[in-house]
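Breakdown of the fold
Now for the letters of each chain:
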Protein chains: 8
Amino acid sequence: MTRESLLQILAAVERGEISSASAAERMASLPFEDLGYARVDHHRSLRHGLPEVIYAAGKTAAQTAGIFSKLAASGVDVLATRVDAETAAVILTAHPQAHYHSVARTMTLRQSAAKPAQGCIAVLCAGTSDIPVAEEAAVTAVTFGAQVVRIYDAGVAGVHRLLASRAELESADAVIVCAGMEGALPSVVGGLVGVPVIAVPTSVGYGASFGGTTALLGMLNSCSPNVTVVNIDNGFGAAYTATLIARGKK
Amino acid sequence: MTRESLLQILAAVERGEISSASAAERMASLPFEDLGYARVDHHRSLRHGLPEVIYAAGKTAAQTAGIFSKLAASGVDVLATRVDAETAAVILTAHPQAHYHSVARTMTLRQSAAKPAQGCIAVLCAGTSDIPVAEEAAVTAVTFGAQVVRIYDAGVAGVHRLLASRAELESADAVIVCAGMEGALPSVVGGLVGVPVIAVPTSVGYGASFGGTTALLGMLNSCSPNVTVVNIDNGFGAAYTATLIARGKK
Amino acid sequence: MTRESLLQILAAVERGEISSASAAERMASLPFEDLGYARVDHHRSLRHGLPEVIYAAGKTAAQTAGIFSKLAASGVDVLATRVDAETAAVILTAHPQAHYHSVARTMTLRQSAAKPAQGCIAVLCAGTSDIPVAEEAAVTAVTFGAQVVRIYDAGVAGVHRLLASRAELESADAVIVCAGMEGALPSVVGGLVGVPVIAVPTSVGYGASFGGTTALLGMLNSCSPNVTVVNIDNGFGAAYTATLIARGKK
Amino acid sequence: MTRESLLQILAAVERGEISSASAAERMASLPFEDLGYARVDHHRSLRHGLPEVIYAAGKTAAQTAGIFSKLAASGVDVLATRVDAETAAVILTAHPQAHYHSVARTMTLRQSAAKPAQGCIAVLCAGTSDIPVAEEAAVTAVTFGAQVVRIYDAGVAGVHRLLASRAELESADAVIVCAGMEGALPSVVGGLVGVPVIAVPTSVGYGASFGGTTALLGMLNSCSPNVTVVNIDNGFGAAYTATLIARGKK
Amino acid sequence: MTRESLLQILAAVERGEISSASAAERMASLPFEDLGYARVDHHRSLRHGLPEVIYAAGKTAAQTAGIFSKLAASGVDVLATRVDAETAAVILTAHPQAHYHSVARTMTLRQSAAKPAQGCIAVLCAGTSDIPVAEEAAVTAVTFGAQVVRIYDAGVAGVHRLLASRAELESADAVIVCAGMEGALPSVVGGLVGVPVIAVPTSVGYGASFGGTTALLGMLNSCSPNVTVVNIDNGFGAAYTATLIARGKK
Amino acid sequence: MTRESLLQILAAVERGEISSASAAERMASLPFEDLGYARVDHHRSLRHGLPEVIYAAGKTAAQTAGIFSKLAASGVDVLATRVDAETAAVILTAHPQAHYHSVARTMTLRQSAAKPAQGCIAVLCAGTSDIPVAEEAAVTAVTFGAQVVRIYDAGVAGVHRLLASRAELESADAVIVCAGMEGALPSVVGGLVGVPVIAVPTSVGYGASFGGTTALLGMLNSCSPNVTVVNIDNGFGAAYTATLIARGKK
Amino acid sequence: MTRESLLQILAAVERGEISSASAAERMASLPFEDLGYARVDHHRSLRHGLPEVIYAAGKTAAQTAGIFSKLAASGVDVLATRVDAETAAVILTAHPQAHYHSVARTMTLRQSAAKPAQGCIAVLCAGTSDIPVAEEAAVTAVTFGAQVVRIYDAGVAGVHRLLASRAELESADAVIVCAGMEGALPSVVGGLVGVPVIAVPTSVGYGASFGGTTALLGMLNSCSPNVTVVNIDNGFGAAYTATLIARGKK
Amino acid sequence: MTRESLLQILAAVERGEISSASAAERMASLPFEDLGYARVDHHRSLRHGLPEVIYAAGKTAAQTAGIFSKLAASGVDVLATRVDAETAAVILTAHPQAHYHSVARTMTLRQSAAKPAQGCIAVLCAGTSDIPVAEEAAVTAVTFGAQVVRIYDAGVAGVHRLLASRAELESADAVIVCAGMEGALPSVVGGLVGVPVIAVPTSVGYGASFGGTTALLGMLNSCSPNVTVVNIDNGFGAAYTATLIARGKK
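I will try to describe carefully the structure that is included in this document. (Residues numbered from 1 in each chain as written. Chains lettered and ligands numbered in written order. Predicted model: local features only at pLDDT ≥ 70, side-chain atom pairs only at ≥ 80, totals over all residues. Heavy atoms only, no water.)

Turning next to the overall build of chain A. The helix and strand inventory of chain A stands at eleven helices and nine strands. Buried residues in chain A amount to 61% of all 250 residues. (Helix = DSSP H or I, 4+ residues; strand = E, 2+ residues; numbered from the N terminus. Buried < 20%, exposed > 50% of the residue type's maximum accessible area, 1.4 Å probe, protein only.)

This is how it looks when you write it as structure tokens:
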């Protein structure tokens, strides 16, 4: 309708009913942002081609399922993160074709045609306890259209296991590294590859791990200059950026 | 010389002096990492094509200048960061063709032939006090081969100034956002662009800014999923990763 | 009765029974604070005209309901905050005319005659998870006599949505902004309006949000000079001050 | 010039050269934010009527003096905060009619006609070491057009001194309270007045005062609901908001 | 028995069986600390005359009750702190003459003859939520032989209520002040009395109270020099020291 | 003069010029706190009999010396703490009879007649670096009228040295323990004596001592219930309270 | 199989099919790390001779039991830490010969022949609440082949109890000290013995113990130079290192 | 002389002047700790055979030199740490045979006969900025009698350099690892060796390294169980414990 308002003013000018100066005056007071709003969002969805995402933490099963159904009805691909088993069950009842990744705690619904993978992302984690975060990243990246290589349980105390995976590492366009405790793995990986490394601190650990804060701080102080960091346990965010990198330039 | 060791063993096999089994035995005990070291570094410099970098903080003017000269003598491009005026003067005496970027506090020496820019990076900062960090990022990115668009003094309290630069923002392959105080700018920028945003908290502020910690935490909690974060004042690191992104996939 | 004590001394002087010097002596030892107590409280309730408030957190349902009934019996308006569903049920049994705002977790009982709203307060929040805190603020402000305009889900990652509400923002006498995660919204809003902005950090977020501490620090470092801050999740306090501002000067 | 662009399009419509639909198309791609930028700022300065402000911390004497002169040349009132003696001397050389408040470390230049004070602000501080912050607030408030009542050295360990100033306190439209160490004064003051209290933690103290953090935290936890808080030592920000409150509603 | 060892050596010297030099040698290697152990403990219980104390937190009901019974059997007075209702029930079954203070969460058993109170302790708290901690202090102090005056709900936002209790305050030999949130009360009280004030931060509050840390820091920064501080919620410790003070010098 | 105001009203009643009701009215509006102010302070100085104290940190040499002279002129004893050598020299020029304790960084001027010591205070410190804080406490205590026993360099890593001083410890009415690093000494001392122990964390240490914070936290968690704590390096405050304890009950 | 790859290349050289230069080329691209991987692990298990360890925290009972069974089947000794009662029951059903140490929350299965103890480790704890951590250390050390001496409830507030155990302390080759609250015990012990002391902070305490952080910081600041520290509650880690020390050099 | 007191009592028993019971009585009141003091220290120096150590930080050049001379006069070996150049010059004037290690900032004076090295310690550091701390450790270890192998600049971002030194690593009886920034190196090293690793966080870094706190936390959370940690920059302490380990069991 904002466009309508604009067209009305322009039509009035066209009809000679108002002067261009007066039209300019009126336009300055138009809620032009609504126009911008639509445009930006449109541009964005066109450009990114990413599915809609629901962050389910702090929502009831009913709320999450409701949003999921609404998005599903519009025909797009849907991704929900931080989905617990109870919520998953509710969604699956309504959308049996959706898929629940229990370790990743994510729910995906693919409705678009299959597309070739755009770029390759390596997802690493240090210990088995970091796997849920790594899986959130991996499932997100796959859903967003990337190919994913998983290299799990490659902690720095057994650095040879990591070195053994160097070939896989080197084939990736972007690397996601999930680690708790001392969070040292991204630095080591950063030294082995020539692509951006996105470090995800996990809340794995106890005592002076302070819920992932130690890993977070360690990653921010990485001596490898190709390491950037996201919030604790934010596998989704890491995959979002890694996907943008891996698909290459526009 | 490690290669020499390897060749000696292989030559002995070739001459029939030792069996292949015995050669395998000897090789297993070789310091193969040295081989790996050279190879990796070689691979790395070939693949990245990045200049050598000196981090001058905590080094004396003489030490920094000494390393600078040594690298310069090898014919490569050289970048030194955190270079104060005194150190710069020492370097310039020996290398008058080097260039000191006083605001960025970086020293560059280009010895390679000019190449076309690989990708475009937008560098933003929130306030004028953030400019030194932004310039460290900008000079680094240019030195690493990217085209750089600077959008400075675009703080969130005057969001219209930022919106006015949207066209420039949208042309970038990666965006670097430097901000101190509350560190809110990356989230706003992240919502406007479809490429990775690398957030650099700066130590600008006072009181409860805690030397940039507040900005750092804010950026890690960004509601824009395409934001990743580096250490406080780490313009260099942000530019390093942004360059890898902007030049596109291998 | 303290006034009585005072009058008795004065009467004794009047009757010539004690000298003024002796009276001064006695008065110096009177518990004059009691006088002050009554006077201050009286002044305060007269001047503020605010309802009585119960902070229910940490009280049992029975305790809260008991205080609620006692205040209700005195005929004043009553507001209880941080009221859970169980406590609400107990109160509603005794006071069916009370109203429970389940999202805001507040209980209100209006017993005074309706009055025209005194000033307008805009209440914003960044995400849907911030709504409970925003509602605590909104319900409090309405109960305290202000008109409230709600602008919800206007996070900085979609700044156009915020800009679209600028007209409503500009009509407010005071603005309350609730935000978790990076807490960037108050700075952006502060740049758009010419009235005081009261920022309420919320405990929404995870990992390095540290229960709202990151949002709190961000708001304290706001680059907008018209922003002041209250404690995490303190929608009530924000509304209390906003009401004082919005009703205008005495 | 953006207005020019707009007028050119409108004139083309007026001349019948382009249709309104086509004009709408072109306009959608105009950098409309520039228009908004100018408008907002204009609105803002008109509405607020506040002088231009320079934050001198982190700027050289020459830089601050340069900006000061530029603003002074435009005829507006100018306020500079965090001005050290050296910078003050440089400014005074160029602007002998400016006034340096050495304790407040602020520089003011009044060029507009005197106006009657708009509202009254009480500025309190707990100890003599808090006076510089209190003075920054007081000078700012006066420069912004408010009447200021100073109540200094009224710490909570001698609460009678504070009570003795109750009459002055009660005449204020807004109260600014500056305190370091335990930061308890705003709570006590908040209980005595019926207007908003803006608490300014100061970096006064040692050991576990952590540069004002303890005072800041104490103020955020105030048991008086009419207390809001600004950053450590931010006398300017407190005065900015207090002025908005004290001048009353638009 | 250690004394026995010593006497044996001395007897051997007495009998001329060993020389004093040789005896000195042997003694140097004796576990003399055991001697010290007994002596110290004996001295201590004689000198302090305090009941035995059990800290029940982290112990099972059975464990606490078992220790309680063992101490009770020895005829001394017994005090148990941090006793929940379940544990209290178990103890009361075995010791019906014990007394459970449910608010203070302490259990007392008096078996010694009544003695006149030794000194007077005023126990204050800021809000009703602080009462459990204040009661732990009050019950402990009474059990340790002091007279206790309770002044509750005397927060600094209503400083007149505190002033109204000045007479009671001034009669105390030591004052315990329990407060959460901003923890400002001890400073105000410290300014009103001439005796030691022991400040007890409580974990009352939310958000930036950080579980009592803010109150703790505030109290440590008190501007009243007669304030010392104990751990968060440590009503027992405050009463222990206050009792030592109130009973006067040996 | 406030008393004068009061007497004038009373005299008017006495003369029958105004009724007692009217007098009560007037009195209610009198700044009665001024009366309280004088009374309290008078009571306080009479009761405490403590010298006037100047906290010199953050004051210029001239300011400190000025206050010192003003107090000295009134004939009282004067104590100044945190006095650097330069300030001391300025004071000594004007007051050659004053005494500068260079290690304690305190300046004392005794003008009252000598009095017998009131109680005994043991002052301990853990290492030689803690001595300045311990001396601030010791000099303060002596100036306030207590006898002081110094037990220095008695760290817990050599617990036998501490045990060797047990006799001196046991003669004290109150004990002050200054320690940096891990701050363990107060707990050990608390277990050896039956009187209050006031723990003073010092800023001695490096790295994870965080300027005395570690020692402070350790002392607050002391397992000895007779330990209370003051701010980091606050030897003065510890001595103030210890003096109140050591002089015994009123 | 990597060895196979290597042998194939070498055989080709032996057969004269490829030159040694070409062989070197090929080898440089071999995944030699796999070779290293096997070698390292083999070396490690041979050299350490330690049982396999399972960290059960964060694993389900089924997962832990599954891993336990798998390791048990290989004939080695097995140690599982952080095993709750439910998990223990599951394991014991399958492995009745395993032993559950309920206080230490560890499960051990010995399948190797008994060996003489290698060295002696003293395990101390400060209070009874620290015993679970101490037991985790003690059971681990015994399982790893050391003799263990337990000295429990030897807190610093009763230093004589510690001194009484000096003989036992002095017989140890390494000492583990577990303490919560102020964490002072390792410093005292460090002063009494001439062997390495490994300090284990425990999460015992409340309020300002911050879950063991205060004890941790205290231990890191120990004035005894023979103290090193592990993470909060990490009895296992302390025992691991202590065992390496106590068994003496290779 | 304490021994004298003891001998006097024993002599009196020997002479029959006092009974053994009476002697026991007297002895119980003897300052036996003095005896213990001497004995302990004697035992300690005999057992450890370590030189005397002076911690020069916070001491004046004169003080340090004075203590150095006093110790030197007694003929023992002397080690002083944290010695700046100025202090070194003063000491060298008096003790030209002493040796100043300028990078390590330590001063050593060897006066005892050369002894064969007892055990081997590997000292690693991550970056060149960590070398001063590593050298403090290395010089201390050598002075204490160990052989030292230095492996410097072996950061985790270039893990191959570390692997290349594996042979040297494996020959060590104890390993000291100094690292700042993310502090990841000890975990990697811990995985490569079978001996205790002592991690020394260094204050190298900026921003979120928080003066070494991040490295410290990372090391405490090491996933390698043979890692223990000392305070930030505490090279001396690490070498002290490493020496005890490397020399093997008593």
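That was the structure; now back to the text.
Relative to chain F, chain E is turned by 179 degrees and slid 0.1 Å along the rotation axis, the superposed coordinates differing by an RMSD of 0.5 Å. Here the copies are linked by what is in effect a two-fold axis. When C-alpha positions in chain E are compared against the rotation axis, the closest is assigned to V229 of chain E, at 2.4 Å. In this assembly the copies share their binding face: 100% of the residues contributing to the interface of chain E also contribute to that of chain F. (Least-squares fit on C-alpha atoms with pLDDT ≥ 70 in both. Contact = heavy atoms within 4.5 Å.)

A word on the sheet that holds strand β3 (residues 99-101) of chain F. All names here are of chain F. Across the sheet, which stays open at both edges, the four strands sit in the order β1-β2-β4-β3 with mixed pairing between neighbours. Among the strands making up the open sheet, the edge pair consists of β1 (52-55) and β3. Taking each pair of neighbouring strands and ignoring which way they run, the sheet shows an average axis angle of 15 degrees. Relative to strand β4 (residues 106-109), strand β2 (residues 78-81) runs antiparallel, the two being bridged by three bridges. The residue of β4 that forms the bridge with A80 is M107. (Pairing = 2+ DSSP bridges. Axes fitted to C-alpha atoms, helices over the stretch in contact; angles between N-to-C directions.)

Contact residues are listed per partner, giving 40 residues for chain E and 40 residues for chain F. Interface of chain E and chain F: buried area, both sides summed, is about 3,100 Å²; carbon and sulfur atoms make up 55% of it. In this assembly, chain E and chain F are joined by zero salt bridges. If you look at where chain E meets chain F, you find four residue pairs in polar contact (both at pLDDT 80 or more). Those elements giving two or more residues to the side of chain E that touches chain F turn out to be α3 (32-48), α8 (166-170), α9 (185-192), α10 (213-220), β9 (227-229) and α11 (235-246) of chain E. With seven residues, the top contributor of residues to the side of chain E that touches chain F is α11 of chain E. Considered class by class, the residues forming the side of chain E that touches chain F number 18 nonpolar, 13 polar and nine charged. (Buried area = accessible area lost by both parts, 1.4 Å probe. Salt bridge = Lys/Arg side-chain N within 4 Å of Asp/Glu carboxyl O. Polar contact = N/O pair within 3.5 Å; in protein donor to acceptor, adjacent residues only side chain to side chain. Nonpolar A, V, L, I, M, F, W, Y, C, P; charged D, E, K, R; others polar.)

Our next topic: the environment of R110 of chain E. Residue and element names in this part refer to chain E. Along the chain, the position of R110 falls in the loop between β4 (106-109) and β5 (120-125). On the basis of relative accessible area, R110 is assigned to the partly exposed category, the value being 43%. A sequence separation of twelve residues divides R110 from A98, and the C-alpha atoms of the two residues are 7.3 Å apart. Contact partners of R110, with chain neighbours within four places excluded, come to D77, V142 and T143. A polar contact of 3.3 Å, which involves the side chain of R110, links it to the side chain of S112.

A separate point is helix α10 (residues 213-220) of chain F. Given 3.6 residues to a turn, an α-helix orients residues that are three or four positions apart in the same direction. The element α10 of chain F is extensively covered by neighbouring structure, given that eight of its eight residues are classed as buried. What α10 of chain F keeps buried is the set T213, T214, A215, L216, L217, G218, M219 and L220 of chain F.

Time to look at the packing of helix α6 (residues 131-143) of chain G against helix α11 (residues 235-246) of chain G. Residue and element names in this part refer to chain G. Taken N-terminus to C-terminus, the directions of α6 and α11 make an angle of 35 degrees; their axes are 8 Å apart at the nearest point. Considering only the axes of α6 and α11, their crossing is right-handed. Residue-level contacts link V133, E136, A137, T140 and A141 of α6 to G235, F236, A239 and T243 of α11. (Left-handed = near helix turned anticlockwise from the far one by under 90°.)

This part takes up unusual backbone geometry. Phi is positive for F210 of chain C, which is not a glycine, with a value near 45 degrees. Considering the arrangement of structural elements, one finds F210 of chain C in the loop between β8 (197-201) and α10 (213-220).

A few words now on the relation of the copies chain C and chain D. Of the transformation superimposing chain C on chain D, the axial component is 0.1 Å and the angular component is 179 degrees, with the fit at an RMSD of 0.3 Å. Same-surface contact between copies: 100% of interface residues of chain C are shared with the interface of chain D.

Moving on to the interface of chain C and chain D. On the chain D side, the residues contacting the 40 residues of chain C number 40 residues. Of all the elements in the fold, those that place two or more residues in the side of chain C that touches chain D are α3 (32-48), α8 (166-170), α9 (185-192), α10, β9 (227-229) and α11 (235-246) of chain C. Of the residues that constitute the side of chain C that touches chain D, the class distribution is 18 nonpolar, 13 polar and nine charged.

Residue and element names in this part refer to chain B. Put simply, helix α4 (residues 61-73) and helix α5 (residues 85-94) touch, their axes get as near as 9 Å, and they point 35 degrees apart. Handedness of the α4/α5 crossing: right-handed. Side by side, α4 and α5 meet where A61, T64, A65, F68 and S69 of the first sit next to E86, T87, V90, I91 and A94 of the second. Residue composition of the contact of α4 with α5, grouped by class: six nonpolar, three polar and one charged.

Here the structure, examined in full by the defined rule, presents 32 salt bridges over all chains. Residue R150 of chain D pairs with E135 of chain D through a salt bridge whose shortest N-O separation is 2.5 Å. You can see R150 of chain D sitting in strand β6 (residues 147-151) and its partner E135 of chain D sitting in helix α6 (residues 131-143), a full 15 residues away along the chain. Judged by relative accessible area, which is 40%, R150 of chain D ranks as partly exposed. Two residues, D77 of chain E and R110 of chain E, come together in a salt bridge whose shortest N-O distance is 3.1 Å. You can see D77 of chain E sitting in the loop between α4 (61-73) and β2 (78-81) and its partner R110 of chain E sitting in the loop between β4 and β5, a full 33 residues away along the chain.

Residues and elements named next belong to chain E. The strand order across the open sheet built from four strands is β1-β2-β4-β3, with neighbouring strands paired in mixed fashion. Sheet topology places β1 (52-55) and β3 (99-101) at the edges, where each strand pairs with a single neighbour. The sheet shows a mean angle of 15 degrees between the axes of neighbouring strands, taken without regard to direction. Pairing of β1 with β2, which is carried by four bridges, proceeds in the parallel orientation. What sits directly across from Y55, in β2, is T81.

The next subject is the pairing of strand β8 (residues 197-201) of chain F. Residue and element names in this part refer to chain F. Within β8, five of the five residues are buried, which leaves it mostly tucked inside the rest of the structure. Inspection of the sheet shows strand β7 (residues 174-179) paired to β8 by five bridges, in the parallel sense. Of the residues in β8, the one forming a bridge with I176 is I198. For the segment spanning β7, helix α9 (residues 185-192) and β8, crossover handedness is right-handed. (Right-handed = clockwise from strand over helix to strand, strands pointing away.)

All names here are of chain H. Structurally, S203 is set in the loop between β8 (197-201) and α10 (213-220). A sequence separation of 13 residues divides S203 from L216, and the C-alpha atoms of the two residues are 9.3 Å apart. Every residue in contact with S203, bar those within four places of it in the chain, is listed here: G211, G212, I232 and D233.

These figures capture arrangement, not role.
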